[in-house]
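Summary of the model geometry
One letter stands for each residue in the lines below.
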Amino acid sequence: DSEVKMFSEYIFPSLTLLCSDADDIVKVQFANELPMLVSNAHRLLGTLGDLGSTDNARKGSRSSPSSSVTAPAQKMSTEKLESELYILRKEVSRILIELTTGSHASCMTIQAVLHQFSSFCVFFGEQETNNFLLPLLITFL
């Protein structure tokens, strides 16, 4: 459980302080490295989801040969991971907003985020790209 929340509760909240650093180079480097951190967090959730599904399937197959036992356990695991992904996306969106529109935002930080924009689109998915990233992009014009 703690592995799932590592990025959303520990790493990203700690790194949020970099968004208000006085030096632009710190914020630019953070914006350049953020997609890698986001990708690692997303990959970790996917890995834990695969492990959880495998573990739940094993537990369900031991207790009953019926497949109806394994489905609810897998669904709960999937719901939990979806919830954690939602929380992770909220953390990343707060960081992006702070980097690009916050009181310490600069042209250089906006350029760094735009340079990595496609990585953020992959992480947020089609719906959140349309709902969050594209309106954020419009504010840069």
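A short tour of the structure in this document, coming up.

Reading guide: rules and limits
Residues numbered from 1 in each chain as written. Predicted model: local features only at pLDDT ≥ 70, side-chain atom pairs only at ≥ 80, totals over all residues. Heavy atoms only, no water. 1 Å grid on protein atoms, 1.4 Å probe; cavity = no way out; pocket = protein on both sides within 12 Å on 5 of 7 lines; lining within 4 Å. Points joined across faces, edges and corners; volume = space filled by probe spheres on them. Helix = DSSP H or I, 4+ residues; strand = E, 2+ residues; numbered from the N terminus. Nonpolar A, V, L, I, M, F, W, Y, C, P; charged D, E, K, R; others polar. Buried < 20%, exposed > 50% of the residue type's maximum accessible area, 1.4 Å probe, protein only. Polar contact = N/O pair within 3.5 Å; in protein donor to acceptor, adjacent residues only side chain to side chain. Contact = heavy atoms within 4.5 Å. Core = buried A, V, L, I, M, F, W, Y, C linked by side-chain atoms within 4.5 Å. Arc of directions from axis to C-beta. Salt bridge = Lys/Arg side-chain N within 4 Å of Asp/Glu carboxyl O. Axes fitted to C-alpha atoms, helices over the stretch in contact; angles between N-to-C directions. Parallel < 35°, antiparallel > 145°, perpendicular 65-115°, else oblique.

Counting across every chain of the model gives one cavity of 30 Å³ or more. Reported here for the largest cavity is a volume of approximately 50 Å³. V4, F7, S8, A41, L44, L45, E84 and L88 are the residues that line the largest cavity. For the lining of the largest cavity, the elements supplying multiple residues, two or more each, are α1 (6–15), α2 (24–63) and α3 (70–101). By residue number, the principal contributor to the lining of the largest cavity is α2, which donates three residues. Residues belonging to the lining of the largest cavity are distributed by class as follows: six nonpolar, one polar and one charged.

A separate point is the side chain of T129. By the element assignment, T129 lies in helix α5 (residues 117–139). For T129, a relative accessible area of 10% gives the class buried. Here C121 takes part through its backbone oxygen, which lies 3.3 Å from a polar atom of the side chain of T129. When near neighbours in sequence (up to four residues on either side) are disregarded, T129 contacts C121, F124, L134 and P135.

Among the nonpolar cores identified, the biggest contains 30 residues, and F12, L34, L96, L99 and F124 are the most heavily contacted of them. Secondary-structure elements contributing two or more residues to this core are α1, α2, α3, α4 (107–115) and α5. In terms of residue count, α2 provides more of this core than any other element does, eight residues in total. Ignoring sequence-local partners within four residues, the contact set of L99 consists of C19, K27, F30, A31, L34, A105, T109 and V113.

Every buried residue of α1 is accounted for by F7, S8 and F12. On an axial view of α1, the arc spanned by its buried residues comes to 75°, and they lie on one face.

Pairing between side chains becomes possible if they bear opposite charge and their charged atoms approach one another. Throughout the structure, instances matching the rule amount to two salt bridges. We note a salt bridge from D24 to K27, for which the minimum N-O separation is 3.1 Å. Taken as a pair, D24 and K27 lie in helix α2 at a separation of three residues, close to a single helical turn. Exposure remark for D24: the relative accessible area of 25% places this residue in the partly exposed category.

Okay, the packing of α4 against α5 next. Contact pair α4 / α5: the axes reach a minimum separation of 12 Å and the direction vectors enclose 125°. What the angle tells us is that α4 and α5 run oblique. From α4, V113, L114 and H115 reach across to α5, where they touch F117, F120 and L137. Classifying every residue of the contact of α4 with α5 by side-chain character gives five nonpolar, one polar and no charged.

For S8, the position within the fold is in helix α1. If we skip the residues at most four places from it in the chain, S8 touches P13, E84, I87, L88 and E91.

Further remarks concern the environment of S106. Relative to the helices and strands, S106 is located in the loop between α3 and α4. Along the sequence, S106 and K27 sit 79 residues apart, while their C-alpha atoms lie 9.0 Å from each other. Within the structure, S106 has its side chain in polar contact with the side chain of D24 (distance 3.4 Å).

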